[in-house]
Structure formats: C-alpha cells, structure tokens
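Below, each chain spelled out in residue letters.
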Amino acid sequence: MAVSIKSEREIELMRQSCRLLEEVHDELGRFVKSGISTLDIDRYGEQLIRERGGIPNFLNYNGYPASICVSVNEEVVHGIPRKDRILQDGDIVSLDAGMIYKGYHSDAARTYPIGNVSPEVLQLIEVTKQSFFEGIKMAKAGNHLHDISNAIDDYIKPYGYGIVHDLVGHGIGTSLHEDPQIPNFRQHRRGIRLEPGMTLAIEPMVNLGRWEVEWLDDDWTVVAIDGLPSAHYENTILITDGEPEILTLSH
Ligand code: MF3
Ligand code: CO
C-alpha cells in the first residue's frame, strides 16, 4: 500500500488530534502515582479523550479491551488495564494512548517512574526517549525511512540495551496503522524516501536486558522474555520541507 501524503487540511486536523492527545498525556502524567490501579489510568484516560470530543482509537482495535495501554516494568506494550494491578514505589509504567478527532488519528506513549526508581532504570527511560529525538533528526524530506531506524539503533547500541524487533512504528492518518512500518533497529535497505506531508508514529521500545519478547496468555501483553524492565516513548510527527513537526509534543 502507498504511503499517504496529507493535504494542508488533513495536516491541520492531524495537528488538532495530536494537540488534544498531548493534553491527555499531560494530565495522565500528573495522575500516575503509587496506589492507583492500571484500570484507574484507563478510566481517567478515556474520560480525558471523550471530554475533548475524541474517540479512543485503541478501544476494540482488533479486540483490544481498553482505551489506554498500561504496561508495568517488564511489560513492553499493550498491557491491559486491571483493577487489581496497583502501581507501587519503584515501578515504571508506560502509557500508550491515542484518539480519533474529526476522523484523524493520533498516537503517543510516555514512560514514567513511580516513586524511587533505580538510576539504572531511570537511564533506560531517558535513553529510550532520547533515541526518539535522535531518530527524528533524520526525519527530513529527501532522507530515507530507515535513516530514522538506523539513528535510533546507533544511539541505543552503546548502552547495551535490547531493542524490541517484534513491534514497530507506523504511518498514521485516517487509520491508526498505515504504511510504512518503521523499525527501531538497523536496516540493510534504506526504505522509502521521506516526503513532506507524511505523518508517522515513531515509537522505540527498549529493554534493559535482552531484546526478545513474548506474548502473555491474554494475547495482548508483550513482555520482555528475561523479565527485566522495558520503556516506550512515542510521538506522531509530520515530515515537512525542513525540520519535522512533533505533533504530539508542543512544549
Ligand atoms: N501505539 C500502539 C500501536 O501503534 C497502540 C496500539 S494498541 C491497540 O500499535 F490496542 F490499539 F492495539
Ligand atoms: Co503507535
């Protein structure tokens, strides 16, 4: 399938959807603390999305049963919120959220420490976030898609972390997942040429230990095979004639 190029009108709608999602994330970032359940986060997140006139795009996506993916510690992504999963001091929690606004999808993820988290794990969170910024330095018209993938991999490699291979970033627009797929690890082909008007969700998922993951019996939750913590960071971006615009991050 071809990669869609958004018109000015569509770009404006993507900006609106993403800006509203950023507000949702900001509120959720203030909400997370020890003692709350992962279901509390989902309930509040869904409320924040709907209050803004959005529709949670993850809810019922391929049968996913919630609005927010809440992944704790060794859970990489797609953790299903539960009322008996209570956040505790020393945990890390990844929140992945998205919405549809006026027909356009947004998608972003953040990882937060809860209380006192070891310096080693705080560094994992920071390096995962920074790898996104290293990746998008290459997100310019005329460059190729896998320049982004390679830049993410190059940045993470010296830390010895495991980059998740089984899940990738993606194009986004009138669907949550559009072409192209965007791996977070080194590619031997250069991939498609980047063009202004492409909107992409770039989302490195990085494990403290080994890169291999497995799926729990709920068929959703992806966990690090060695049980060590994992971090996730994601924004929806726009390719322009110059620097990329980070649509889900305005400040
Ligand atoms: N950011 C995730 C992704 O791009 C969110 C999808 S979760 C799902 O795949 F529940 F919607 F599948
Ligand atoms: Co995504």
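Everything that follows concerns the structure shown earlier in this document.
Read on for an overview of the structure. All values reported here derive from a predicted model rather than from experimental measurement. (Residues numbered from 1 in each chain as written. Chains lettered and ligands numbered in written order. Predicted model: local features only at pLDDT ≥ 70, side-chain atom pairs only at ≥ 80, totals over all residues. Heavy atoms only, no water.)

Remarks on the site of ligand 1
The environment of ligand 1 is formed by Phe58, Tyr61, Tyr64, Cys69, His78, Asp96, Asp107, His170, His177, Glu203, Trp220 and Glu234. Here a nitrogen atom of ligand 1 sits 2.6 Å away from a polar atom, N or O, in the side chain of Asp96. Asp107 is positioned with one of its side-chain polar atoms (N or O) 3.1 Å from a nitrogen atom of ligand 1. Relative to its free-state accessible area of 330 Å², ligand 1 is covered by the protein chains to the extent of 95%. In this structure, ligand 1 is accommodated by the largest pocket. (Near = heavy atom within 4 Å. Polar contact = N/O pair within 3.5 Å; in protein donor to acceptor, adjacent residues only side chain to side chain. Areas by Shrake-Rupley, 256 points an atom, 1.4 Å probe, with all protein chains shown as cover. 1 Å grid on protein atoms, 1.4 Å probe; cavity = no way out; pocket = protein on both sides within 12 Å on 5 of 7 lines; lining within 4 Å. Sits in = over half its atoms within 2 Å of the grid points.)

Thoughts on the pattern of salt bridges
Considering all chains together, one arrives at 14 salt bridges under this definition. Put simply, Arg52 and Glu23 hold a salt bridge, and the shortest N to O gap is 2.7 Å. Separated by 29 residues along the polypeptide, Arg52 in the loop between helix 2 (38–51) and strand 1 (55–56) and Glu23 in helix 1 (residues 8–31) bring together distant segments of the chain. Through salt bridges with shared partners, a single network forms among Glu12, Arg15 and Glu245. (Salt bridge = Lys/Arg side-chain N within 4 Å of Asp/Glu carboxyl O. Helix = DSSP H or I, 4+ residues; strand = E, 2+ residues; numbered from the N terminus.)

A word on the sheet that holds strand 15 (residues 245–246)
Spatial ordering of the open sheet is given by 8-7-9-14-15, a layout of five strands whose pairing is antiparallel. Two strands bound the open sheet, and with one partner strand each, they are strand 8 (178–182) and strand 15. As judged from the two bridges shared by strand 7 (residues 169–171) and strand 9 (residues 199–202), these two strands associate in the antiparallel manner. The residue of strand 9 that forms the bridge with Gly171 is Leu200. Running over the sheet, helix 4 (residues 145–156) touches strand 8 and strand 9 and is turned about 35 degrees from strand 8. (Pairing = 2+ DSSP bridges. Contact = heavy atoms within 4.5 Å. Axes fitted to C-alpha atoms, helices over the stretch in contact; angles between N-to-C directions.)

What to know about the environment of Glu234
Relative to the elements of secondary structure, Glu234 occurs in the loop between strand 13 (230–232) and strand 14 (235–238). Through-space distance from the C-alpha of Glu234 to that of Ala109 is 4.6 Å; in sequence the pair is 125 residues apart. Ignoring anything within four residues of it in the chain, the contact list for Glu234 reads Asp96, Asp107, Ala108, Ala109, Arg110, His170, Ala201, Ile202 and Glu203.

Focus on the coordination of the cobalt ion (ligand 2)
Ligation of the cobalt ion (ligand 2) by protein atoms is provided by Asp107 (OD), His170 (NE2), Glu203 (OE) and Glu234 (OE), these donors lying 2.0 to 2.2 Å from the ion. Coordination at the cobalt ion (ligand 2) comes from six donor atoms whose angles at the metal span 67 to 170 degrees, giving a geometry best classed as irregular. The motif formed by the donor residues of the cobalt ion (ligand 2), counted along the single chain, is D-x62-H-x32-E-x30-E. Of this pair, His170 sits in strand 7 while Glu203 sits in the loop between strand 9 and strand 10 (205–207), placing them 33 residues apart in sequence. Exposure remark for His170: the relative accessible area of 4% places this residue in the buried category. (Donors = N, O, S within 2.8 Å, 3.2 Å for Na, K, Ca; no water. Tetrahedral: all angles 85-135°; square planar, octahedral: opposite > 155°, others 65-115°. Buried < 20%, exposed > 50% of the residue type's maximum accessible area, 1.4 Å probe, protein only.)

What to know about the layout of surface pockets
Approximately 460 Å³ is the volume found for the largest pocket. Contributing to the lining of the largest pocket are 25 residues, with His78, Val168, His170, His177 and Glu203 lying nearest its centre. Broken down by secondary-structure element, the contributors of at least two residues to the lining of the largest pocket are strand 7 and strand 8. Broken down by element, the residue count for the lining of the largest pocket peaks at four residues, all from strand 8. Taken together, the residues of the lining of the largest pocket sort by class into 11 nonpolar, seven polar and seven charged. Computed from the structure, the second largest pocket encloses a volume of approximately 240 Å³. Forming the walls of the second largest pocket are 14 residues, and the residues nearest its centre are Arg110, Thr111, Tyr112, Lys129 and Tyr233. For the lining of the second largest pocket, the secondary structure elements donating two or more residues are helix 1, strand 5 (104–113), helix 3 (119–136) and strand 13. Ranked by residues supplied to the lining of the second largest pocket, first place goes to helix 3 with four residues. Considering only residue class, the lining of the second largest pocket consists of five nonpolar, five polar and four charged. (Points joined across faces, edges and corners; volume = space filled by probe spheres on them. Nonpolar A, V, L, I, M, F, W, Y, C, P; charged D, E, K, R; others polar.)

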